[in-house]
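Now for the letters of each chain:
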Amino acid sequence: MGRSFGALWGRASGVVIAAALCAASWGVASADSGTDQGRGEGTVQAAGRTDVDCRYNPERKAEGDGTSWESTFLPDGDVFRPLWADPKQPQIFGIMQTTKVVDTKTTSTVGSVGFGENFGFWSRRKSGTCNGIQVGLLTGVFSQFNLFDNTELINTDFVVGVPFSWRSDWFSGRVRFYHQSSHLGDQFLQNRPGFNAFALSFEELEGILSFNTPDGGVRVYVGGGYLVHRKPSYLDRLRAQWGLELRGREYPAPYLGKEIKLVPVLGTDFKAIEEQQWSVNANLLAGVEWFRTGATRRLRVLINYYYGYNPYGIFFTEKVQNVGIGMYLSF
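Reading the values: the criteria
Residues numbered from 1 in each chain as written. Predicted model: local features only at pLDDT ≥ 70, side-chain atom pairs only at ≥ 80, totals over all residues. Heavy atoms only, no water. Helix = DSSP H or I, 4+ residues; strand = E, 2+ residues; numbered from the N terminus. Buried < 20%, exposed > 50% of the residue type's maximum accessible area, 1.4 Å probe, protein only. Polar contact = N/O pair within 3.5 Å; in protein donor to acceptor, adjacent residues only side chain to side chain. Contact = heavy atoms within 4.5 Å. Phe/Tyr/Trp six-rings, centres within 6.5 Å; stacked < 30°, edge-to-face > 60°. Lys NZ or Arg CZ within 6 Å of the ring centre and 35° of its normal. Pairing = 2+ DSSP bridges.

J.: Explanation requested: the side chain of serine 165 in the structure shown.
T.: The topology assignment puts serine 165 in strand S7 (residues 153–168). Residue serine 165 is classed as buried on the basis of its relative accessible area, which comes to 2%. For serine 165, the side chain forms a polar contact with the side chain of aspartate 78, separated by 2.6 Å. If near-sequence neighbours (up to four positions away) are discounted, serine 165 is found in contact with Asp78, Val79, Phe80, Gly132, Ile133, Gln134, Gly173 and Arg174.

Structure (structure tokens):
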């Protein structure tokens, strides 16, 4: 039904080449720009002030006395680092992977893409620090395609909600209320007469507490969610989530200019859902991140391994094993 992982890997080499070209396209900043050493810290120089990307470098480095409070409309970034190893984190990515259904032993090659972001509306932080609060809007679209059999769209999940985030030194947290609705592809249904399709949508209240080391190199988080409303109504309500992220030292990126840095990264995300009898779903990502000193944009090329119940659409009763490679963009 699908192709071997060897064939997948051959095609995936094109993704790696594209990643390098995209990283090179960022360009090289001037030689006298400020450079922070560490794990992909990155600051932004603008109009005589220094902004800090609080998602990845929570240490106090910006200008300010650290005691007064400042309110910002349309703030950059967030005080909470995105859970980039979470398959349902709103972000931009494209993955090519082999998907094996555990029960039936069938294998297919699937493309998985996501488009989304957390957009900050308002933030209030202590001047010169990352300590503070932020509120915004999250949107996300997650789609899966059969790549080789008939190039059909399998499923799309639409997500929209309101996140509230905060940080206090090494601790940060996020509470969000969001809606998700799932929709099967028309061609997928046409090719499977009699398929047991049903409407799936829900609103979930979710909370995550995170701790990171001062340099941001190690981060752990734990939390969970509660389905306030769900369709179908028989779905169980509770979910637990936890994970670990590791960021290595930054290194110069060969041939891409001295302002381009690379950082080895590894992330794991685990979920246990009441509807699935608390079986643990595990997602593992490992690879390299590129960024330009003085910029907040980041590009990652990651190998992924997932084992557990399908995280997308009405296929949550189907246990799968995924192996693939993908490109992730952060702004």
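Having seen it, we continue.
J.: Could you clarify how one ought to interpret the packing of aromatic side chains in this entry?
T.: What the rule picks out here adds up to 12 aromatic pairs. Aromatic side chains tryptophan 170 and phenylalanine 211 sit 6.2 Å apart centroid to centroid with 70° between the ring planes, which places their arrangement in the edge-to-face category. Of this pair, tryptophan 170 sits in the loop between S7 and strand S8 (171–184) while phenylalanine 211 sits in strand S9 (residues 200–212), placing them 41 residues apart in sequence. Judged by relative accessible area, which is 29%, phenylalanine 211 ranks as partly exposed. Members of the aromatic cluster, joined through ring pairs, are Phe93, Phe142, Tyr312 and Tyr328. One Lys or Arg, lysine 88, reaches over the ring of phenylalanine 142 and ends 5.5 Å from the middle of that ring. When the ring centre of tyrosine 56 is taken as reference, the NZ or CZ atom of arginine 298 above it lies at 4.2 Å.

J.: What's the story with the pairing of strand S16 (residues 319–330) in this structure? I'm lost.
T.: Remark: a regular strand shows side chains that alternate across the two faces of the sheet. Here strand S4 (residues 92–101) pairs with S16 via 10 bridges, running antiparallel. By the bridge assignment, glutamine 97 is partnered in S16 with glycine 324. Direction of pairing for strand S15 (residues 298–309) relative to S16: antiparallel, over a ladder of 12 bridges. By the bridge assignment for S16, tyrosine 307 is matched with glutamine 321.

J.: Explain the environment of leucine 200 here, please?
T.: Tracing the backbone shows leucine 200 in strand S9. We classify leucine 200 as buried; its relative accessible area is 6%. Spatially, the C-alpha atoms of leucine 200 and serine 181 are 6.0 Å apart, while their sequence positions differ by 19 residues. Apart from residues lying up to four places away in sequence, leucine 200 is in contact with Gln180, Ser181, Ser182, Lys231, Pro232, Leu235, Gly313, Ile314 and Phe316.

J.: Teacher, can you tell me more about unusual backbone geometry here?
T.: Glycine aside, the phi torsion of most residues is negative, and most peptide linkages are trans. Omega for the peptide link from lysine 231 to proline 232 comes to 10°, which places this bond in the cis form. You can see proline 232 is positioned in the loop between strand S10 (218–231) and strand S11 (238–247). Unusually for a residue other than glycine, threonine 151 sits at a positive phi of about 50°. By secondary structure assignment, the location of threonine 151 is in the loop between strand S6 (132–146) and S7. Assessed through its relative accessible area of 55%, threonine 151 is described here as exposed. Positive phi outside glycine occurs at tryptophan 278, with the angle close to 65°. With respect to the secondary-structure elements, tryptophan 278 resides in the loop between strand S13 (260–273) and strand S14 (280–292). Judged by relative accessible area, tryptophan 278 falls into the partly exposed class, the value being 42%.

Nothing here speaks to function; it is all geometry.
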